[in-house]
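Below, each chain spelled out in residue letters.
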Amino acid sequence: MPFLFVLLISVQALAWNPFATEEVLEVPLSKTELQKIKVNAGWAKGEDQPLIFEVTNGLKGPIQCSAANVELNDGKTVGKVFVPKFTIPGNDMRNASMLVLRGTMRTYSLTCSCFKKQGQGDCVSPVK
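Residues numbered from 1 in each chain as written. Predicted model: local features only at pLDDT ≥ 70, side-chain atom pairs only at ≥ 80, totals over all residues. Heavy atoms only, no water.

Let's talk about the sheet that holds strand β2 (residues 37-42)
Just so we agree on the cut-off: Note: two strands are recorded as paired if DSSP finds a minimum of 2 bridges between them. For helices the rule is a DSSP run of H or I covering at least 4 residues; for strands it is a run of E covering at least 2, with both sets numbered from the N terminus onward. Axes here refer to lines fitted to C-alpha atoms; in helices the fit is confined to the stretch in contact. Angles between the N-to-C directions go from 0 to 180 degrees.
Across the sheet, 3 strands lie side by side as β2-β3-β6; this open sheet has antiparallel pairing. Each having just a single partner strand, β2 and β6 (92-98) make up the two edges of the open sheet. Neighbouring strand axes in the sheet, compared pairwise and without regard to direction, differ in orientation by 20° on average. Here 7 bridges tie strand β3 (residues 51-57) to β6, and the two strands are oriented antiparallel to one another. Residue Thr 56 lies in a different strand from β6, and its bridge partner there is Met 93.

Brief notes about unusual backbone geometry
Across the junction of Gln 49 and Pro 50, the peptide omega takes the value -5°, indicating a cis bond. Locating Pro 50 in the fold gives a position in the loop between β2 and β3. Of the consecutive residues Val 83 and Pro 84, the connecting peptide bond is found in the cis state with omega at 0°. One non-glycine residue with positive phi stands out, namely Asn 91, at about 55°. Mapping Asn 91 onto the fold places it in the loop between β5 (77-88) and β6.

Remarks on the environment of Pro 89
Selection rule: Relative accessibility decides the category of a residue: with a 1.4 Å probe and only protein chains considered, values under 20% of the type maximum give buried, values over 50% give exposed, and everything between is partly exposed. The contact definition used throughout considers only heavy atoms, calling two residues in contact when any of these lie within 4.5 Å.
Summarising the element assignment, Pro 89 is placed in the loop between β5 and β6. Owing to a relative accessible area of 29%, Pro 89 belongs among the partly exposed residues under this scheme. Distance in space between the C-alpha atoms of Pro 89 and Gly 61 is 6.4 Å, their sequence separation being 28 residues. Look past the residues within four positions of Pro 89 in its chain and what remains in contact with it is Asn 57, Gly 61, Pro 62 and Arg 94.

Points about the nonpolar core
Where we set the bar: As used in this record, nonpolar core signifies buried Ala, Val, Leu, Ile, Met, Phe, Trp, Tyr and Cys residues forming a set joined through side-chain atoms within 4.5 Å.
Among the nonpolar cores identified, the biggest contains 23 residues, and Leu 29 and Phe 53 are the most heavily contacted of them. At the level of elements, β3, β4 (63-72), β5, β6 and β7 (105-117) are the ones that each hand at least two residues to this core. No other element matches β4, which puts 5 residues into this core. For Phe 53, the residues in contact, after removing those within four places along its chain, are Val 39, Asn 40, Ala 41, Ala 68, Val 70, Arg 94, Asn 95, Ala 96, Met 98, Tyr 108 and Leu 110.

Here it is as structure tokens:
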């Protein structure tokens with residue numbers, strides 16, 4: 001009898017799909033959305049490493065950042081892939097870091113995206 005009960009639970013679990021009615025896709029942020037994301041980069045007082053990114057998400061929905069790239073003064077590029085991607089909830093702030101020596105950075109960029117229903121509209125949580 002317990003085996004049958006476990007089997008029934010398994011069948012119900014396999015049938016459940018949180019995205020059954022609408023497909024949720026990961027998409028790059030639009031220009032308008034990017035204007036609502038603020039990124040500050042710098043080093044802690046008295047420290048030469050690491051470079052700290054402070055990312056503020058001004059959108060209602062969550063975003064996630066997957067990578068950072070820094071162009072150095074000597075023309076070389078340093079990159080970091082965030083595994084797992086770090087998520088910033090709507091109207092919230094998160095920090096990330098990478099090893100870059102103070103005074104060597106020319107420019108930086110972050111690669112961020114969000115999930116949208118059928119790839120359109122506002123950013124949404126992929127698990128709701």
